[in-house]
Amino acid sequence: MTKTPNFTGWKAMILSEEDGNCERLKRQLHLLGMSVAMQWRPLAGEALPDLVLIDADRGWDELLPWTADNPLRPVVGLLGSEAPGRISWAIRQGCGALIAKPVTAAAIFPALVLAVSIHEERMAARLREAHLMERLKLRPVVHAAMARLKSERGLDDDKAYAVLRDFAMRRRVPVEQIAAFFLGGSESLREAV
Amino acid sequence: MQDSVRIGILFSSTGPYGAIGRDAREGAEFAFHDYRAAGGMAVEPVYFDPHADLSAYLEGARSLIRDSGCRHIVGTITSAARKEVIPLVEKHDGLLWYMCPYEGFEANENVIYIGGCPNQHLIPLFDHLLPRHGKRAYLVGANYVWGWEMNRLSRELITNAGGTVLGERYLPLEETAVQRIIDDIQEKRPDFIANNLIGPASYAFLEAMRALGERDPAFRPENCPVASCDLQESELDEIAEGAAIGQLCAASYFDTLDTADNRAFKARLAAWKGGDRKVSCVFASAYTAVRLCIAAIEAAASDEPGRVRQSLLSRSWPTLFGDMRIDPATNHAALPFLLGRINAARNYDVIAATPPIAADPYLTGTTRAAAPKLRVVS
């Protein structure tokens, strides 16, 4: 089921100079229940808003306190230009959606929903990636535990891994962790009798 | 320099929602007649009929604005037609007076919304249905944005209330082969049915539900009502005699509304066209849109849209819907919620009513989500 997106109580920051586009933006953001601030200077890293709308025609690199590979908030670009350089700049700021200038009322809500959705997706992907990297880093530990099981208990590769996997499931921890416990001596990998 | 103010009227008299369009046009015609009968400024309607052709709406709006000098257009029935016309109205900084119930999620500065959005029709309808009939619902809808979005929201309301959606089916406006849906309903046995079908599909569905109720009393309206948000009095004549009796519909106006204003309105209407015709919500809404437009132009002493909007938003206006206030933030009218039950005279008995509800087109107050919790991933 698609839940109705609800921005009530959100803080939006418009990074732009005051113009007619911003007037229309502010009107629509207010009626979505958001509070809106606006400035044309870099955004401070502390007390971040919930969502950023940024003038991608005239923006410069230091406006946002994050790097392209890790935007901390959903970003919507406001873009009149079709110049590839400006589009690419918008992408580098983490824009998940663009609103074309001149801004029309009907363009705003869909862009916000899209940018927030893409931001959430990115954060979930980043978490998953961090988790997988952690497991990858621990691969040698798993191999070492398997080698010890093979030599001590005369098991082949598959059986040694099966022992680790079974105990990981019983203890409800990852295979990598059970391997580390085994090598550290806090886990015997034997049934209690 | 024109000597009279011209107002464009843009409704389709043909196509699957032609009955609604004809009703709306006639409501507009009566508004001009009724205004002139009492004297006042020179005001002249300019009619354009797009004949259900979506691209003709844009053509029509262009002709009304450019050739006829209209700065105000009352019209469009479907959201698709409205969306077609809005960019042109924006470009010429005119005003579109839209007077049909719609699915919400829009608030354009160049549009005045008089028809109502879901927090004024669908949500109070569910507030009525869920505690009285149960939480197991079946959803049917027209296969375009109205049906899809109304059913999406219905599903959300039902789920939030801890209920279940037993089925969700869509039909094109002119599709009358409803038996498979009826069979599914018979098997799933819902507590009620939310009907967002439009036109002939809706009429065929109601007739088939009647037949099902005759075979199995569990599906009679008192046990498993079919509730609509857009079934006009004028349409009830299109449904087989007696087939829709007992079914429910949400609206902001019903013909049978027992108020002094409505009785006087119907008397003037009878004097104009004779007979005792039924007034549907869309007729009353089109009438109201035209009267409000004229009144706001008069109050502004100009048809310049910016000034007209300002005068419109500055106060409340007596209308068939009661004292009407248009919210300056959203340009939407506050509207009462009425629940009608179809009677044997092919009309509605009003069985529930609320005072005017302020429009919340983006449902900011009614589908409250938790405050944003955006985790920082560093």
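Please read these numbers as outputs of a predicted model, since none were measured by experiment.

Draft legend 1. Fine view of the overall build of chain B. When its secondary structure is counted, chain B shows 11 helices and 14 strands. A compact globule built from 378 residues should have a C-alpha radius of gyration of about 21 Å, and chain B, at 21 Å, falls within 12% of that. The buried share of chain B, reckoned over its 378 residues, is 49%. Sequence-distant contacts in chain B: of pairs separated by 6 or more residues, those separated by 24 or more amount to 71%.

Draft legend 2. Region of the structure containing the overall build of chain A. Along the backbone of chain A there are 6 helices and 5 strands. Secondary structure elements of chain A, listed N to C terminal, follow the sequence β-α-β-β-β-α-β-α-α-α-α. Over its C-alpha trace chain A gives a radius of gyration of 25 Å, far above what one expects of a compact globule, namely 16 Å for 193 residues. When the backbone C-alpha atoms are referred to their principal axes, chain A occupies close to 75 × 35 × 30 Å. By the burial criterion, 33% of the 193 residues in chain A qualify as buried. Taking the contacts inside chain A whose residues are at least 6 apart along the sequence as the reference set, 49% of them involve residues at least 24 apart.

Draft legend 3. Highlighting the sheet that holds strand β4 (residues 95-98) of chain B. Residues and elements named next belong to chain B. Spatially, the 5 strands line up as an open sheet ordered β2-β1-β3-β4-β5, and their pairing is parallel. For this open sheet the edge positions go to β2 (43-48) and β5 (111-113), each flanked by a neighbour on one side alone. Mean inter-strand twist for the sheet, computed between neighbouring axes without regard to direction, equals 25 degrees. As judged from the 4 bridges shared by strand β1 (residues 5-10) and strand β3 (residues 72-75), these two strands associate in the parallel manner. In the sheet register, Gly-8 faces β3, and the bridge partner there is Ile-73. Each of β1, β2 and β3 is contacted by helix α1 (residues 18-37), which is oriented at about 165 degrees to β2, the strand it contacts most. Contacts between helix α2 (residues 54-67) and the sheet are confined to β1, β2 and β3, with β1 contributing the most and set at about 175 degrees to the helix.

Draft legend 4. Quick peek at the domain arrangement of chain B. Residue and element names in this part refer to chain B. For chain B, the assigned domains are domain 1 (5-116 + 260-335) and domain 2 (122-228). Its C-alpha centre places domain 1 at a distance of 31 Å from the equivalent point of domain 2. Each partner contributes to the interface: domain 1 provides 4 residues, whereas domain 2 provides 9 residues. A breakdown of the residues in the side of domain 1 that touches domain 2 according to their chemical character gives 2 nonpolar, 1 polar and 1 charged.

Draft legend 5. Structural view of helix α6 (residues 175-184) of chain A. Residues and elements named next belong to chain A. Residues Val-175, Glu-176, Ile-178, Ala-179 and Phe-182 constitute the buried set of α6. In an axial view of α6, the angular spread of the buried residues amounts to 165 degrees, which keeps them on one side of the axis. In the segment just after α6, Gly-185 is the residue with positive phi, at about 95 degrees.

Draft legend 6. Focus on the nonpolar core. Within the largest apolar cluster, 115 residues are counted, with the highest numbers of intra-cluster contacts made by Val-74, Trp-97, Ala-286, Val-290 and Cys-293 of chain B. The contacts of Val-290 of chain B, once residues within four sequence positions are left out, are Ile-7, Ala-28, Ala-31, Phe-32 and Val-74 of chain B. Leu-25, Met-34, Ala-56 and Leu-79 of chain A belong to the second largest nonpolar core, which has 39 residues in total.

Draft legend 7. Structural context of helix α3 (residues 105-137) of chain A. Residues and elements named next belong to chain A. For α3, with 33 residues, the first-to-last C-alpha span of 49 Å sits near the 48 Å given by 1.5 Å per residue. Taken together, the buried positions of α3 are Ala-107, Ile-108, Phe-109, Ala-111, Leu-112, Ala-115, Val-116 and His-119. Here the buried face of α3 lies against α1 (20-31), β3 (51-55), β4 (75-79) and β5 (95-100).

Draft legend 8. Here's a closer look at the environment of Asp-166 of chain A. Residues and elements named next belong to chain A. Among the structural elements, Asp-166 can be located in helix α5 (residues 157-171). Taking the C-beta count within 10 Å as the criterion, Asp-166 has 13 such neighbours and is therefore assigned partly exposed. Each C-alpha atom, one on Asp-166 and one on Ile-178, is 9.9 Å from the other, the two residues being 12 residues apart in sequence.

Draft legend 9. View of the packing of helix α6 (residues 179-188) of chain B against helix α7 (residues 200-215) of chain B. All names here are of chain B. At a minimum axis separation of 10 Å, α6 and α7 run at an interaxial angle of 40 degrees. Put simply, α6 runs oblique to α7. In this structure, the crossing between α6 and α7 has a hand that is right-handed. Contacts between α6 and α7 involve Gln-179, Ile-182 and Gln-186 from the first element and Ala-208, Met-209 and Leu-212 from the second. Looking at the contact of α6 with α7, its residues break down into 4 nonpolar, 2 polar and no charged.

Draft legend 10. Representation of unusual backbone geometry within the structure. Look at the link from Lys-101 of chain A to Pro-102 of chain A: it is a cis peptide, with omega at -5 degrees. Among the secondary structure elements, Pro-102 of chain A is positioned in the loop between β5 and α3. In the Ramachandran plot, Ala-301 of chain B falls in the positive-phi region, its phi being about 55 degrees despite a non-glycine side chain. Along the chain, Ala-301 of chain B turns up in the loop between α10 (281-300) and α11 (305-313). Judged by the 11 C-beta atoms lying within 10 Å of it, Ala-301 of chain B falls in the exposed class. Of note in this structure, Leu-363 of chain B is not a glycine but carries a positive phi near 50 degrees. Note that Leu-363 of chain B resides in the segment after β14 (348-353).

Draft legend 11. Broad picture of the sheet that holds strand β8 (residues 192-196) of chain B. Residues and elements named next belong to chain B. The strand order β7-β6-β8-β9-β10-β13-β14 describes an open sheet built from 7 strands, whose pairing is mixed. Sheet topology places β7 (164-171) and β14 at the edges, where each strand pairs with a single neighbour. Direction aside, the axes of adjacent strands within the sheet are offset by 25 degrees on average. Strand direction decides the pairing type here: strand β9 (residues 226-228) and strand β10 (residues 248-251), joined by 2 bridges, are parallel. When the sheet's bridge partners are listed, Ala-227 is paired in β10 with Leu-248. On top of the sheet, helix α5 (residues 145-160) reaches β6 (136-142), β7 and β8; it is set at about 165 degrees to β6, its chief contact.

Cut-offs and rules
- Within any chain, residue numbers begin from 1 and follow the written order of that chain's sequence.
- All chains are assigned letters beginning at A, and all ligands numbers beginning at 1, according to the order in which they are written.
- Where totals are concerned, whole chains, interfaces and linings use all residues; where local detail is concerned, this predicted model gives features only for residues with pLDDT of at least 70, and gives and counts side-chain atom pairs only at 80 or more.
- A run of H or I in DSSP becomes a helix once it reaches four residues, and a run of E becomes a strand once it reaches two; helices and strands are each numbered from the N terminus.
- Our radius of gyration is a C-alpha quantity, and the globule rule it is checked against amounts to 2.2 Å times the number of residues to the power 0.38.
- Partly exposed residues are those whose C-beta has more than 12 but fewer than 20 other C-beta atoms within 10 Å; 20 or more makes a residue buried and 12 or fewer makes it exposed, with C-beta atoms placed from the backbone.
- For every residue pair, C-beta atoms are placed from the backbone, and the pair is scored as a contact if these atoms sit within 7 Å.
- For two strands to be treated as a pair, DSSP must find at least two bridges joining them.
- An axis is simply a line fitted to the C-alpha atoms; with a helix, the fit covers only the stretch in contact. Between two such axes, the angle follows the N-to-C directions and lies from 0 to 180 degrees.
- An automatic or database domain assignment provides the domain bounds reported here.
- Ten residue types, Ala, Val, Leu, Ile, Met, Phe, Trp, Tyr, Cys and Pro, are classed as nonpolar, four, Asp, Glu, Lys and Arg, as charged, and the remainder, Gly among them, as polar.
- This arc is built from the directions going out from the helix axis to the C-beta atoms.
- Under the definition applied here, buried Ala, Val, Leu, Ile, Met, Phe, Trp, Tyr and Cys residues are grouped into a nonpolar core through C-beta atoms within 7 Å.
- An expected span of 1.5 Å times one less than the residue number is assigned to each helix.
- To sort the angles, those under 35 degrees are grouped as roughly parallel, those over 145 as roughly antiparallel, those from 65 to 115 as roughly perpendicular, and the leftovers as oblique.
- A crossing counts as left-handed when the near helix is turned anticlockwise from the far one by less than a right angle, and as right-handed when that turn is clockwise.

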